[in-house]
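# Structure assessment
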Amino acid sequence: MRPRAASLDADGAQLARLRRACLALPQVNERLGHGAPCFYADKKIFAMYSDNHHGDGRLAAWLKAPPGAQAMLLETSPEAIFRPPYVGAYGWIGLHLHGCDDAALAHLVASAYRAAASKKLMALLDG
């Protein structure tokens, strides 16, 4: 068994920020997935917490992105956004949590939620 990489979020403040942004949305639930906290809109995952994943040195949120958004964000915000492993091939983005303010985090989390949410959940969000 491979040893777990050291946490970059020792006090849990960045996970708490991500959790606040995700749980502020309608009918979101959190559960472990792939060994890390993941956030679901009903049964569809839209956000994952990544703390030094396999020793990559990043403290990040992996977020589902609308079609075409990944390429645009990688080009316009390369210091804040990266292509995460595994899910990046499906258009997801990685967001460095350090240096990202709460408003930007909430905006990108809401966009990820919209990319995953059912029509029923969208009605709750927009209503």
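So, here is what we can say about the structure in this document.

Calculation notes
Residues numbered from 1 in each chain as written. Predicted model: local features only at pLDDT ≥ 70, side-chain atom pairs only at ≥ 80, totals over all residues. Heavy atoms only, no water. Disulfide = S-S within 2.5 Å. Helix = DSSP H or I, 4+ residues; strand = E, 2+ residues; numbered from the N terminus. Buried < 20%, exposed > 50% of the residue type's maximum accessible area, 1.4 Å probe, protein only. Contact = heavy atoms within 4.5 Å. Phe/Tyr/Trp six-rings, centres within 6.5 Å; stacked < 30°, edge-to-face > 60°. Lys NZ or Arg CZ within 6 Å of the ring centre and 35° of its normal.

On to the state of the cysteines. For the structure shown, the criterion picks out 0 disulfides. Between C38, a free cysteine, and C22, which holds the nearest cysteine sulfur, the sulfur-to-sulfur gap is 10.0 Å. The thiol of C100 is not disulfide-bonded; the next cysteine sulfur, from C22, is found 12 Å away.

Right, let's talk about the environment of P85 for a bit. Within the fold, P85 resides in the loop between β5 (81–82) and β6 (93–96). Residue P85 is classed as partly exposed on the basis of its relative accessible area of 29%. The spacing of P85 and H53 is 32 residues in sequence and 9.5 Å in space, taken between C-alpha atoms. Setting aside anything within four residues of it in sequence, one finds P85 in contact with H53 and W62.

Applying the stated criterion to the full structure yields 2 aromatic pairs. The ring centre of Y40 lies 3.6 Å from the NZ or CZ of R31, which sits over that ring. Seen from the ring of F82, R58 lies directly overhead, with NZ or CZ sitting 3.8 Å from the centre.

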